[in-house]
Each structure stands twice: as structure tokens, then as C-alpha cells.
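# Results of the structural survey
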Amino acid sequence: MRVSIPVSAFVAAIVGFGGTLAIIIAAAAAVGATQLETASWVTAICLAMAIETAWLSWRTRMPVITAWSTPGAALIAASTGFTMSEAVGAFLVTGLLLVVTALFKPLTRLIAKIPASVASGMLAGIVVTFATGAVNTIPADPWLIVPLIAAFFVLRLVNPAVSVLAVLIGGGFAAFLTGRVGGLPTPELSTLTLIAPEFTPAAIIGLAVPLYLVTMASQNLSGLAVLRASGYEPAPAPLIGVTGLFSVLSAPFGASTTNLAAISAAICTGPDVHPDPAERWKTGPFYALAYLVFAIFGASLVAIFAVLPQSLIVLVAGLALMGPLANALTIALQDDKDRMAATVTFAATASGLTLLGIGSAFWGLVGGLVVLFLDRLKKP
């Protein structure tokens, strides 16, 4: 076996985990999760990803890589007014919707028909607050933040995939050496915490439905596209169904939705991994092994994030979403016929509007689709 197979898998796992864990931490904080519940969230979602990836890669003989939904986590973090129990209820509903999508192919086709411009406008509206949040950390601690921002933009010229991870590690060391961190927590093994779900209309409509749409439009469809671009022809239903099933199973322990990976998958599916496409599926088990390790030490990792400066966590989360924001804005505005609808979706989502207890992501999508419908009524 070529050494590039395990190396690619471990790089994909480390970049995916370390580069976006701050967004999961922010999501957990937004719904009022305790440190114990946050650790359970990280542990459960890592276990789900490990099992999904190992099983699907072995079963299909394709490099099927799964991940948590970074835009989905950003959506949760940008939502307000929900409790952890309501979030768990929303995660269960989202997982069930993914399972239903796998069972009923017309639903997959329906989601695919949502214009990319409107879906991307919603995604951009979700993540833009994190980008502006990263900029707003500068006055709080300029001597720590400004050099890290500079390092990020220099490193991304060399290797964009590791630039966020480098900022996180470098910023953590800088914070520790300059006395911004009181002390490192004692290492501990992870445990799972069972959280009773609460199902409320506001959480289902304002959190579960947008989370489902973001997961399908920006993650699962993109993940399938990455596999097809590498020469594979996966059947979508089994892949979406398995991630939906494990999302349901892991939700009672606080875990948000899992889905097909896009960026991590790109690292594991190309010819640099192995010249023979039939051999690349072996990245799956190694990727799964890495996430199994992350699951075991999830509690310690969450504890480390808890003692880091808040400005550093906000910065890392914002920098991690700069790329998705740029991509979403590009797609949202590239078609002049849909530009106004995409702009309305973006503005309404970014506004943070809460109406009838339902969050802005839902209203942004509704507003964009209404404007799109009205634009399509115009005669040529």
C-alpha cells in the first residue's frame, strides 16, 4: 500500500477537525451547551463520522469521506433563542429528513432544483457574521490577532488547506507563552451525555429545516460532485441515507448532522492519493481511525478550547469560513437573472431577523424564492 494513502487520510482529518472545531464550539455555546455537553457533541459526531466513513468506503470501494456540516454549524452558531434540548430535537428532525430524502428520490431532485444562487445567498448570509466577527477581534487584542491574520493570508498562498490550522496552533502557543492562558487542563477521556430532545415548532422550522437545506445543498450535493469529478459514480441514496441514520443515532448525545465531505474528500480522492482509483477507497479506514482518536480525546480538546482567549476562537472560526463565504458570494451573484433574489436572501439571512420565533435563515430562503418567482413572471 502506498504511504500516500494514510498520509492523505490523516491530513484530511486533521485539517477538517482542527480547522473547524472552533465553529462547533461556537455552535454549542449558542444553544447554551455546558462543557460536558459540548464534549459529548464532539465525541458523538466524531464517532458517527468514523463509522460512516469506514463502512461506506469499504462497502462501495470508493473513498466516501464524511464530515460535520461546517455551514450547518455556522447556522446553529448564528441562531439565537434555542436551548440545547431544542437543538437536539432539531438535529433528530434533520437526520430523519435526510433518511426520508434517501428513501424518496423525488425529494433529492426537488432540493437540487433550488437555484444555486439562492442557496448560496443563504449560506453567505449565515457565514458573513463570522467573517465580520473575525475582523472585530482586532481591537480586543491587536498584538495577538493582527500577526495571526497576516500569517493566515501569507500561508494560504502556500497551502490554503492548513492555513487555518496553523493559525489555531500558532495562536494557541502565542497565547500560552504570553500569559493569556492560565494553564492547560488535565487530560481526560471522553464520555457521552444523553440529552433529552425537545420538539418545538420554532426549532423545527427555524433550525431543523434550514440545517437540512444547508446540509443537502452545500454539503451532500457538493460531496457527490467531488466523487464524480474523480471518476466515481456513487448511488446518492445509500450515502445520504447512512449519514442521515447516524445523524439520528448521534443526535441524542448532542451531535449535529453529519454529511458527505467536500474539501476533505477532495484531499482523499485525487490521483495524488493513488494512481489507481480502485485503491483510493483505503483512505476511508485511515480517516476513520483519525476521527476515532479525536472521539476518544474530545473532552480534552474541548477543555483546551475553553481556556483559550475568546478572541482567538472567534478569529479562527471567521478565518475558517472566509473561503466558503467567498465561494458562496461568487455563486450567488454570478447569474444576473437571479442576482436580486440572491441578494435578498443574503441580506435577510445576515440580518438575524427572528419572526414568529423562526430564525433568519428560513426567512432569507423564503424571501429569495418569492423574489425569484416574481422575477420569473416577467415576460422576456
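Just above, that's the structure.
This section reports on the structure supplied with the text. (Residues numbered from 1 in each chain as written. Predicted model: local features only at pLDDT ≥ 70, side-chain atom pairs only at ≥ 80, totals over all residues. Heavy atoms only, no water.)

Residues other than glycine seldom take positive phi values, yet Arg61 does so here, at roughly 60°. Structurally, the position occupied by Arg61 is in the loop between helix 2 (35-60) and strand 1 (66-68). (Helix = DSSP H or I, 4+ residues; strand = E, 2+ residues; numbered from the N terminus.)

In contact at an axis separation of 11 Å, helix 7 (residues 142-158) and helix 14 (residues 310-320) are set at 20° when each is read in the N-to-C sense. Considering the angle they form, helix 7 stands roughly parallel to helix 14. Helix 14 is crossed by helix 7, and the crossing has right-handed handedness. Where helix 7 abuts helix 14, its residues Ile145, Leu148, Ile149 and Phe152 lie against Ser311, Leu312, Leu315 and Leu319. Of the residues that constitute the contact of helix 7 with helix 14, the class distribution is 7 nonpolar, 1 polar and no charged. (Axes fitted to C-alpha atoms, helices over the stretch in contact; angles between N-to-C directions. Parallel < 35°, antiparallel > 145°, perpendicular 65-115°, else oblique. Left-handed = near helix turned anticlockwise from the far one by under 90°. Contact = heavy atoms within 4.5 Å. Nonpolar A, V, L, I, M, F, W, Y, C, P; charged D, E, K, R; others polar.)

Right, let's get into the packing of aromatic side chains. For the structure on display, the rule yields 10 aromatic pairs. With 6.4 Å between their ring centres and 85° between their planes, Trp68 and Tyr291 make a pair best called edge-to-face. In this pair, Trp68 is assigned in strand 1 and Tyr291 in helix 12 (residues 283-296), connecting sequence segments 223 residues apart. When sorted by exposure, Trp68 lands in the same class as Tyr291, which is buried. Consider the rings of Tyr291 and Phe294, whose centres lie 5.2 Å apart with planes at 90°: the pair is edge-to-face. Within this pair, Tyr291 and its partner Phe294 are both found in helix 12, separated by 3 residues, close to a single helical turn. The same class applies to Tyr291 as to Phe294, namely buried. Taken together, the ring pairs in this structure connect Phe17, Trp68, Tyr287, Tyr291 and Phe294 into an aromatic cluster. A cation sits over an aromatic face here: Arg61 above Trp281, 4.4 Å from the ring centre. (Phe/Tyr/Trp six-rings, centres within 6.5 Å; stacked < 30°, edge-to-face > 60°. Buried < 20%, exposed > 50% of the residue type's maximum accessible area, 1.4 Å probe, protein only. Lys NZ or Arg CZ within 6 Å of the ring centre and 35° of its normal.)

Okay, the layout of surface pockets next. Approximately 490 Å³ is the volume found for the second largest pocket. Looking at the second largest pocket, it is lined by 18 residues, and the ones nearest its centre are Leu168, Ile169, Leu301, Ile304 and Phe305. Listing elements by their share of the lining of the second largest pocket, those giving two or more residues are helix 1 (4-30), helix 8 (160-177) and helix 13 (298-307). Top element by residues in the lining of the second largest pocket is helix 8. It accounts for 6 residues. Residue composition of the lining of the second largest pocket, grouped by class: 16 nonpolar, 2 polar and no charged. (1 Å grid on protein atoms, 1.4 Å probe; cavity = no way out; pocket = protein on both sides within 12 Å on 5 of 7 lines; lining within 4 Å. Points joined across faces, edges and corners; volume = space filled by probe spheres on them.)

Once that is clear, we can look at the pattern of salt bridges. Counted according to the given criterion, the structure contains 4 salt bridges. Asp141 serves as the salt-bridge partner of Arg180, at 2.6 Å between the closest nitrogen and oxygen. Highlighted residues: Arg180 in the loop between helix 8 and helix 9 (201-229) and Asp141 in the loop between helix 6 (116-136) and helix 7, separated in sequence by 39 residues. Since its relative accessible area comes to 14%, Asp141 is described here as buried. Between Arg376 and Asp338 there is a salt bridge, and its shortest N-O distance comes to 2.9 Å. Of this pair, Arg376 sits in helix 17 (residues 360-377) while Asp338 is found in the loop between helix 15 (322-333) and helix 16 (339-350), placing the two residues 38 residues apart along the sequence. Look at Asp338 and you get buried, because its relative accessible area is 5%. (Salt bridge = Lys/Arg side-chain N within 4 Å of Asp/Glu carboxyl O.)

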